[in-house]
Amino acid sequence: MRLGLIAGNGRFPFLVLDAARAQGHEVVVVAAQEEASADLNAAASRHGAAIHWVSIGQLSKCMNLLASEGVTHAVMAGQVKHAKLFSQGIVPDLLFLKVLKQLASRNTDGLIGAVANVLRERGIELLDSTALLQPLLAREGVLTKRSPSEDEQKDFEFGYRMADAIAALDIGQTIAVRAQAVVAVEAMEGTDEVIARAGRLAGAGVAIVKVAKPSQDMRFDVPVVGVATIRAMQDAGATALSIDAGRALVIDGDAVFVAANEAGITVVGRAVDRKSA
């Protein structure tokens, strides 16, 4: 299989590249120049993978590169901040403009789903973004040495209903709760900024609830946490984190739980009903 890796920011693209090459796939990287790390150049070179850099607005160039490289399957890995769409530095090409005009709203599912449709029209199948990284999916149950306290568990239970609602509306996937009150809600800014804001607003003892969408498309926008998430919580005084088992990537593996244990943070993998998810 000749795999196209459409890369945004963070460690996710590096992990997919490593895993794909380890499994014997040829990989072509198309990296978003406004988001992806320059270190991808060295990683691609190490694996003998071609790499191309394109602007977020250059959808036609991205598609042409994938086609010219003979790509048959693609994976989207790494975040492209939704707010970038409103940046004056992004100049959409004609294909991107066509996609935008067809959208009823510029939410994440609508936009990335439309890009997935463009890929399919060109004979490229978009794969589950976690397909190569199954061992990194969150497990069910308490994942750290410390279990949630009674108050933290109450905040989780209160927060699930709220978080599931905003995720279903494609607003965001993370909320912060303290004493069964919503402190902060994610929109375009990302998880770490929500955590920091919650710390400023409510101080120590905040619980963070990060969920998958009720009908999560595992091809894109899968919830991701890492050591950086734990560091952000530690800085903000947040003490508890819930993620959805089987539907969230723990991008740094067990290092996340080691960091959480050192910080006294409890991490829980919420059991999710796959029939309703």
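For the structure, check the block above.
Procedures and definitions
Residues numbered from 1 in each chain as written. Predicted model: local features only at pLDDT ≥ 70, side-chain atom pairs only at ≥ 80, totals over all residues. Heavy atoms only, no water. Core = buried A, V, L, I, M, F, W, Y, C linked by side-chain atoms within 4.5 Å. Buried < 20%, exposed > 50% of the residue type's maximum accessible area, 1.4 Å probe, protein only. Helix = DSSP H or I, 4+ residues; strand = E, 2+ residues; numbered from the N terminus. Contact = heavy atoms within 4.5 Å. Axes fitted to C-alpha atoms, helices over the stretch in contact; angles between N-to-C directions. Parallel < 35°, antiparallel > 145°, perpendicular 65-115°, else oblique. Nonpolar A, V, L, I, M, F, W, Y, C, P; charged D, E, K, R; others polar. Polar contact = N/O pair within 3.5 Å; in protein donor to acceptor, adjacent residues only side chain to side chain. Pairing = 2+ DSSP bridges. Expected span 1.5 Å × (residues − 1). Bend = angle between axes of the 7 residues up to and from the residue.

1. Focus: the nonpolar core
Ranked by internal contacts, the top residues of the largest apolar core, which has 29 residues, are Leu59, Met63, Leu66, Met76, Leu119 and Leu126. Counting only elements with at least two residues in this core, the list comes to strand E2 (26–32), helix H3 (59–68), strand E4 (73–77), helix H4 (94–102) and helix H5 (108–121). With six residues, H5 is the largest single contributor of residues to this core. Not counting residues up to four positions away in its chain, the partners in contact with Leu66 are Gly4, Ile6, Val30, Val71, Leu119 and Ile124.

2. Quick word on the packing of H3 against H4
For any two helices packed against each other, the geometry comes down to the angle between their axes and how far apart the axes lie. Look at H3 against H4: their axes get within 6 Å of each other, and the N-to-C directions meet at 115 degrees. On the basis of their axis angle, the class for H3 and H4 is roughly perpendicular. The segment H3 lies against H4, with Leu59, Ser60 and Met63 engaging Leu95, Phe96 and Val99. A breakdown of the residues in the contact of H3 with H4 according to their chemical character gives five nonpolar, one polar and no charged.

3. Concerning the side chain of Thr266
Residue placement: Thr266 occurs in strand E13 (residues 266–270). Owing to a relative accessible area of 0%, Thr266 belongs among the buried residues under this scheme. A distance of 2.6 Å separates a polar atom in the side chain of Thr266 from the backbone oxygen of Arg146. Sequence-distant contacts of Thr266, that is, excluding residues within four places in its chain, are made with Val142, Thr144, Arg146, Ser147, Pro148, Glu152, Thr239, Ala240 and Leu241.

4. Overview of the sheet that holds E4
Spatially, E3-E2-E1-E4-E5 is the arrangement adopted by the five strands of the open sheet, whose pairing is parallel. Only two strands of the sheet have a single partner each, and these edge strands are strand E3 (50–54) and strand E5 (125–126). Where strand E1 (residues 2–7) lies against E2, six bridges are found, and the strand directions are parallel. Counterpart to Ile6 in the pairing with E2 is Val30. The sheet contacts of H3 involve E1, E2 and E3, and relative to E3 the element is tilted by about 165 degrees.

5. Focus on the sheet that holds strand E11 (residues 240–244)
Strand order in the open sheet made by the six strands is E6-E13-E11-E9-E7-E8, with mixed pairing throughout. If you trace the sheet from one side to the other, it starts and ends with strand E6 (141–142) and strand E8 (181–185), each paired once. Along the sheet face, helix H6 (residues 150–168) touches strand E7 (174–178), E8, strand E9 (207–210), E11 and E13 and points at about 145 degrees away from the line of E7.

6. As for H6
Its 19 residues give H6 an end-to-end C-alpha distance of 27 Å, which sits within 8% of 27 Å, the value for a rise of 1.5 Å per residue. The sharpest bend along H6 measures roughly 35 degrees and falls at Gly159. Those residues of H6 lying buried are Glu152, Asp155, Phe156, Phe158, Gly159, Tyr160, Ala163, Ile166 and Ala167. Taken together, the buried residues of H6 touch E7, E8, E9, E11 and E13. Positioned one or two residues after H6, Asp170 has a phi angle of 60 degrees, which is positive.

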